[in-house]
Amino acid sequence: MLSHSNEQEDIRHEMNFKTIVFVCINIIAFSVLILRLLQLQYFDFENNLKKAEENRIRKVNVKASRGYILDRNGIVLVRNRPSYQISLLYNGLKTKENRDSVFNRLLRITDAKGKRLLDSAALHFSFERGRWQKFRYQRLMEDAAPEVVALFEERAEELPGIEILVESRRDYPFGSQGAHIFGYTGEISEKELELPENAHYVMGDRIGKKGLEFSYEKEFRGKNGSRHVEVNAMGREMGPVAGMPFEKPVSGNALVTTIDWRIQQVAEAAIPENLKGAVVALNPQNGEIYAMVSRPPLDPNIFSLEKRELHKAWASVALDTAKPLTNRAISGVYPPASVFKVITAAAGLEDNVFTEHTRYKSCLGGFRFGSRYAKCWRAAGHGVLNVVGALRESCDVFFYQAGLDVGSRRISDMGKRFGLGSALGVDIPGERSGLLIDSATYEKWFERRGWKWSAGEILNIAIGQGALLVTPLQQTAMVGALAWGNGVYKPHFLKEITSPDGEVLIKFKREKVAEGQVLEHTRKIVLKGLDEVVNSPYGTGRRAIVPGIRVGGKTGSAENPHGEKTHAWFAAVAPLDNPEIAVGVVLENAGGGGAMAAPIAQKILKAYFYPDTLQVETK
Amino acid sequence: MKKLDWLFMGSLFALISIGIMLVYSATSNTDLPWYKTEWFKQIIHFAVGSIIAAGVVFMPAKFWKNVAWIAYAVALASLLLVVNSGHVSKGAGRWLDIAGFRFQPSEFAKVAYLLASSLWLSKHRVSIMEPKTLLVPGLLFIVPFLLVLKQPNLSTALVFTAVTLVHFYWAGFRLVDLFLFVSPAASVIFSAISALYWNLLIIGVFFISIKFKFPLWLIVLTMLLNISAGYVSQMAWNSMEDHQRSRILTFLDPMRDPKGEGYQVIQSQVAIGSGGLFGKGFGEGSQTNLAFLPEEHTDFIFSVLGEQFGFAGSFLVLVLFFLLFWRGIMICRLHPDNFVNLVVVGACTILFFHTLVNVAMTIGFMPVTGLPLPFLSYGGSFVITCMILIGLLLNMRLKGKDII
């Protein structure tokens, strides 16, 4: 009995000690927990509260509406349209069962023709990415068509987590018309995001990539607004937060262009299909561009397409050997051909190398220079001509001899005076400078290749071939400036920038970019030549005649290494005594300038001078 | 002595009331009719749990000795069943359907193991000097441990481990024995973290075993176990793929992946921290109401408490838990009987371990393991397990004397 109670005493002592150990461990553990709570709830309280508020309140960007592009008379050329994005909010799926059933239902959605709307691999990728970004919208289908949106809306009940977001996209109501001028917008790239001037953009924003969309991005984009909403963990908006400011978005400014849409449409229609080339119409007195067309055409709406479609469309235009993406009016460089003879003529007349009355050796269809026999375009020959006649009939033999007298230096100086050889600074990207050099520069440039300026080279230059390249824009501005006689003005599309309220913010002031002047008597003689090209019965450009208007012009047929047929050139300016419009046309491998290009210039001039006879399409 | 411990009972009812209130607050924003809501179901759980606990209390204390082996056998059988054909909930097969009721066998296995281990150890003392004394209790532990681990349910398996260690302590181990006993496991972890810590650990083990005059064979065995455990662990660590390693590191430190694993922990800390000293008020937390806290009514109920009632509320709840465990463990002092002692300390250990791991998890001190918080977290099986443990504690307090 005694030993039994002793044993009990021992156990009691041992247990007493061990219970104290247990309680001590409890006290230590709870003290640690309480200290941590104190840290979180007292010392880090402000910080944690801020984080909770940030969680709760989300600043939602309200995107500003992009500014429109208008023609000079107020016709809307580029506007916006709603675009529907079918998106997945992974957290909205809630359960794994939902995840699988939604995935399978999405796969089963087909269009009217029974074609699957969503690609299984792409969908799988979106779901996988959603798993890591549960609270972010994953775009399943970009820019869905209204009937597709309806398909998804009907099934909204069975598709938890699938939401339709509305964005604004660019709309080009006239399709490919003017596409090369307007350019296009696209999702901002990572490289663009890094640029300091793009600090206001976020991933997924759209930005002007080319053309006017690029040049006037700053004006178009406006200012995004913001509002504060309370959101739950799924990112779903629960409602506005009282007392938080709503910052209204400010719409972008509109660009009123110098484009005259009637002329643009006539120009678009005038170019025969399947021909490549460009047309430019501008006002030589101030550089306002009335119309600019490049062919083959480009449909700018493809750049608003859903990504997969865009890639396909992009590949097809980018790999097209006809290069529809290139704006040939500013980025295409061609030999100026016989149009350049006006420069050779002006250079000679200006320094009295020859006069109006100078007659060179008779043209018998060709010209022997050393061992070389240079042909005239007219095998029958032109006989003896003065400079006006040589311009009128575009006699090569006259200009071979004139070129030899004038020399490359004078010719290139005269070209520079009218803006050739350097970019004119038009307000859309991609303009090229062409090529205009004298013999000394030629030798310096091509020294490494071992090329020497041969005396015969001047024969080519004098008639606009050889080491000589111009853009259609330069060609047009050059002829216009020669007629105007008062300088080359920067060609531009910007007429006005107007605020959303209609207030004019910026007005373009004309800007001289090249001297563009010759002596009055030089100008008179050259203009007489231009006049006779169109209005004389012997002129090469008679197809550009506009009744009642004194049109001047110059044809050209550029030989080129790529095709059998020549590039057809025509540059016109009218009325000659007070030029209001200059038109340049180039058609690649189309044949002779007088036959192919002059009629197009005529249509444009008629549209300009007789607008009442036109039916204008507006949208 | 037969009187009820009012401090114990008061703490218990306070915790249960607070728990129901928090579940209500965490789940009230639904469109369900009141009788389908989770807070109402939780009341039902506690009602059922109380009835079961009352039944437990009114059994004679000897009854638990008699049913210990049967309960253990049934628990093992049901664990085997669930491992082979369990419901899959959140990727882990833990549930079993019996007669229309879903329950988690691992919950009841906790109680069954507690009883079986208590019964064996009440008659057989363990000593680290005599390894054969560890054979039976070791087997009793390892079988349910492995079955639960296979579910996989690491956290519940760790509950078994905690009970075993405390039971060994009560049944003959000294603290230094325990230290030596767990040192190989510590080696596994330390050697993976840093070679320096591991070396320090081995040196510590060596000197302590010399200081306490352990027999040579035990010292050699312990050292061998430690060193080989460390090397095996290092080898396993090095042979792992990067993503496996990354998973383990993320498990240990969720902040490595703030958008994935760490999301819950970060949101939980923000919820608790933003409660401040006195909280945002009942039903007011934006973190809770706007569903930033996942699992808020089960594993992360403590965050709801912290957000809505602040430091004051969290402190009060921790004090209540402490009072409960303190008054619970003190039952040992009433009856100097081994079985009573082991049941009481085991029950207290289960509840304490759950509380500690759960709260530590919500404040970012421990990995997210999925152990619920006793009396506060929503969940049928778990509420009933807790109530059975409470019933056992009361039973031992009131009737423990009869057992002798």
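Just so it is clear, the structure is predicted and the values come from calculations on it, not from any experiment.

In terms of helices and strands, chain B carries 16 helices and 3 strands. Counting only residues that meet the buried cut, chain B has 48% of its 404 residues in that class. By sequence separation, contacts in chain B at least 24 residues apart represent 70% of the contacts at least 6 residues apart.

A few words on the overall build of chain A. Of regular secondary structure, chain A possesses 21 helices and 23 strands. Counting over 619 residues, chain A shows a buried share of 43%.

With 93% of its residues at a pLDDT of at least 70, chain A reaches an overall mean of 86. Per-element confidence in chain A ranges from a low mean pLDDT of 64 for strand β9 (residues 237–240) of chain A to a high of 96 for strand β23 (residues 581–587) of chain A.

All names here are of chain A. Here helix α13 (residues 341–350) crosses helix α16 (residues 408–417) at 110 degrees, and the two axes come no closer than 9 Å. It follows that α13 is roughly perpendicular to α16 by the angle criterion. The way α13 lies across α16 gives a crossing that is right-handed. Along its contact with α13, which presents Ile 343, Thr 344, Ala 346, Ala 347 and Glu 350, the element α16 presents Arg 410, Ile 411, Met 414 and Gly 415. Here the contact of α13 with α16 is built from residues that sort into 5 nonpolar, 2 polar and 2 charged.

Next up on the list: the nonpolar core. By size, the foremost hydrophobic cluster in this structure holds 127 residues, and its most contacted members are A:Ala281, A:Ala572, A:Ala597, A:Ala601, A:Ile604 and A:Leu605. A per-element tally of this core places helix α21 (residues 593–609) of chain A first, with 9 residues. Looking at which domains feed residues into this core, each of domain 1 (59–257) and domain 2 (261–298 + 316–613) of chain A gives three or more. Residues contacting A:Ala601, with those up to four places away along its chain left out, are A:Ala544, A:Gly553, A:Phe570, A:Ala572, A:Val583 and A:Val585. By size, the runner-up hydrophobic cluster in this structure holds 110 residues, among which are B:Ala116, B:Ala271, B:Leu351 and B:Leu373.

Turning to the environment of B:Asp177, a few remarks are in order. Among the secondary structure elements, B:Asp177 is positioned in helix α7 (residues 175–193). Remark: the alpha-carbon pair of B:Asp177 and B:Phe214, spanning 37 residues in sequence, is separated by 9.5 Å.

Before going further, it helps to examine the interface of chain A and chain B. Contacts between chain A and chain B engage 33 residues on the former and 40 residues on the latter. Residue contributions to the side of chain A that touches chain B peak at 20 residues, all from helix α1 (residues 2–43) of chain A. For the side of chain A that touches chain B, the per-class residue count stands at 19 nonpolar, 8 polar and 6 charged.

Next up on the list: unusual backbone geometry. All names here are of chain A. A cis geometry characterises the amide bond from Arg 295 onward to Pro 296, with omega recorded as 5 degrees. Relative to the helices and strands, Pro 296 resides in the loop between β12 (289–295) and α11 (307–318). The omega torsion across Ala 574 and Pro 575 is -15 degrees, close enough to zero to call that bond cis. Tracing the backbone shows Pro 575 in the loop between β22 (567–574) and β23.

Moving on to the pairing of strand β19 (residues 504–507) of chain A. Residues and elements named next belong to chain A. Here strand β18 (residues 494–498) runs beside β19; their pairing, made up of 3 bridges, is antiparallel. The residue bridging Ile 497 from the neighbouring strand is Ile 506, located in β19. Linking β18 back to β19 in an antiparallel pair, the connection comprises 5 residues, with Gly 502 at a positive phi of about 95 degrees.

Turning our eyes to something else, we now look at the environment of A:Leu37. Its place among the elements puts A:Leu37 in helix α1. A:Leu37 has contacts with B:Phe311, B:Ser314, B:Phe315 and B:Ile363, leaving out every residue within four places of it along the chain.

Further remarks concern the sheet that holds β23(A). Within a beta sheet, neighbouring strands are joined by backbone hydrogen bonds and run either parallel or antiparallel to one another. All names here are of chain A. Pairing is antiparallel across the open sheet formed by 5 strands, whose spatial order is β12-β11-β23-β22-β21. Two strands close off the open sheet at either side, each with one partner strand: β12 and β21 (552–558). For this sheet, the mean inter-axis angle between neighbouring strands, taken without regard to orientation, is 5 degrees. In the sheet, β21 pairs with β22 via 7 bridges, with the strands oriented antiparallel. Considered in β22, the bridge of Gly 553 is made with Ala 572.

Before going further, it helps to examine the packing of helix α6 (residues 154–170) of chain B against helix α15 (residues 338–362) of chain B. Any two packed helices are characterised by how steeply their axes cross, that is the angle between the axes, and by the distance between the axes. Residue and element names in this part refer to chain B. Relative orientation of the contacting elements α6 and α15 amounts to 140 degrees, with a least axis distance of 9 Å. One finds that α6 runs oblique with respect to α15. For the element pair α6 and α15, the recorded crossing hand is right-handed. Contact residues: α6 offers Ser 155, Val 159, Ala 162, Val 163, Val 166, His 167 and Trp 170, while α15 offers Asn 341, Leu 342, Val 345, Gly 346, Thr 349, Ile 350, Phe 353 and Val 357. Broken down by class, the residue content of the contact of α6 with α15 amounts to 10 nonpolar, 5 polar and no charged.

Under the 1.5 Å per step criterion, the end-to-end length of helix α1 (residues 6–27) of chain B is 31 Å for 22 residues, consistent within 8% with the ideal 32 Å. Three or more residues of α1(B) are buried, namely B:Phe8, B:Ser11, B:Leu12, B:Leu15, B:Ile16, B:Gly19, B:Leu22, B:Val23, B:Ser25, B:Ala26 and B:Thr27.

Basis of the calculations
Residues numbered from 1 in each chain as written. Chains lettered and ligands numbered in written order. Predicted model: local features only at pLDDT ≥ 70, side-chain atom pairs only at ≥ 80, totals over all residues. Helix = DSSP H or I, 4+ residues; strand = E, 2+ residues; numbered from the N terminus. Buried ≥ 20, exposed ≤ 12 C-beta atoms within 10 Å, placed from the backbone. Contact = placed C-beta atoms within 7 Å. pLDDT = per-residue confidence, 0-100. Axes fitted to C-alpha atoms, helices over the stretch in contact; angles between N-to-C directions. Parallel < 35°, antiparallel > 145°, perpendicular 65-115°, else oblique. Left-handed = near helix turned anticlockwise from the far one by under 90°. Nonpolar A, V, L, I, M, F, W, Y, C, P; charged D, E, K, R; others polar. Core = buried A, V, L, I, M, F, W, Y, C linked by C-beta atoms within 7 Å. Domains from an automatic or database assignment. Pairing = 2+ DSSP bridges. Expected span 1.5 Å × (residues − 1).

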